[in-house]
Amino acid sequence: MTDQKRPYRMKRRAEQEARTRLRITESAVALHGTLGPAYTSISAIAEHAGVRRSTVYRHFPDETALFAACSSHWLAANPVPDLPRWKAVEHADERLRAALEELYAHYRRSERMRENVLRDEASMPVITKSLSHYRAYLAAAADVLMHGRGLRGGAAKRVRAAVGHALAFSTWQSLAREQGLSDSQAAELMCRLVTAAADG
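Residues numbered from 1 in each chain as written. Predicted model: local features only at pLDDT ≥ 70, side-chain atom pairs only at ≥ 80, totals over all residues. Heavy atoms only, no water.

**Q** Got a minute to help me understand the packing of helix α9 (residues 169-178) against helix α10 (residues 183-199) in this structure?
**A** Packed helix pairs are characterised by how far apart their axes lie and by the angle those axes make with each other. Here α9 crosses α10 at 120 degrees, and the two axes come no closer than 9 Å. When the axis of α9 is compared with that of α10, the two are oblique. For the pair α9 and α10, the sense of crossing is right-handed. Contacts between α9 and α10 pair T171, W172, L175 and A176 from the former with D183, A186, L189 and M190 from the latter. (Axes fitted to C-alpha atoms, helices over the stretch in contact; angles between N-to-C directions. Helix = DSSP H or I, 4+ residues; strand = E, 2+ residues; numbered from the N terminus. Parallel < 35°, antiparallel > 145°, perpendicular 65-115°, else oblique. Left-handed = near helix turned anticlockwise from the far one by under 90°. Contact = heavy atoms within 4.5 Å.)

**Q** Quick question: what am I supposed to make of the packing of helix α4 (residues 63-77) against helix α7 (residues 125-146) here?
**A** Packing of α4 against α7 brings their axes to within 10 Å, and their N-to-C directions diverge by 35 degrees. As α4 runs across α7, the sense of the crossing is right-handed. Of the residues in α7, those touching α4 at E63, T64, F67 and S71 are V126, I127 and S130. Looking at side-chain class alone, the contact of α4 with α7 contains 3 nonpolar, 3 polar and 1 charged residues. (Nonpolar A, V, L, I, M, F, W, Y, C, P; charged D, E, K, R; others polar.)

**Q** I tried to follow α9 on my own but got confused; where do I start?
**A** Residue pairs spaced three or four apart in an α-helix point in one direction, given the helix's 3.6 residues per turn. All of the buried residues along α9 are F169, T171, W172, Q173, L175 and A176. Residues of α9 that are buried sit in contact with α6 (92-120), α7, α8 (153-167) and α10. After α9 finishes, the residue G180 shows a positive phi value of roughly 75 degrees. (Buried < 20%, exposed > 50% of the residue type's maximum accessible area, 1.4 Å probe, protein only.)

**Q** When you look at the pattern of salt bridges in this model, what are you seeing that I'm missing?
**A** Once their charged atoms are close, side chains differing in charge can pair, the charge on each being opposite to the other. A complete count under the given rule lists 11 salt bridges for this structure. Between D82 and R85 there is a salt bridge whose closest N-O contact spans 4.0 Å. Taking the relative accessible area as the measure of exposure, R85 reaches 43% and is therefore partly exposed. Residue R119 is joined to D120 by a salt bridge in which the shortest nitrogen-to-oxygen separation is 2.7 Å. According to the relative accessible area criterion, D120 is buried, its value standing at 3%. (Salt bridge = Lys/Arg side-chain N within 4 Å of Asp/Glu carboxyl O.)

Take it as geometry only, folks, not as evidence of what the structure does.
So this is what it looks like as structure tokens:
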């Protein structure tokens, strides 16, 4: 009888451990989004999750492991726009407008976390590794938005710079928060910048 109960107890314990790990991860994500990673202590995460500090360390032995889990969890809930869908739009200018409107809406939803993470990167090297994926995404997005433009030389360089500027979170934040534009207005302005860059 005891042998029959053992697999059940092991399964139940594993489920409890998984729930605890998720609770810790969600607590870290919540605090990163409000305070920022650099201002989130293990003690604060433990208190928010309702566990001991030792429990946090048992699941996440170092900063890298905890931040990786937080990043994966947050990105699963806040996925970046799909690049193949953008690439399917044939006309380059229409593709750019659709892409920027979608990306800017994403930035608006994810603003607090992105602002905190970008702010804290200088003091937390572990963030740089996570942001390398985001920066690679932006570079790939720029490739998609340059596709089919048929530009060369100086014109290609100017347009690529304008597209890269338009894709930046800091650009959206400046236009939407500091200048008060809607996401659609901000996208329209950046489309005009790209057109002007192509015209020289």
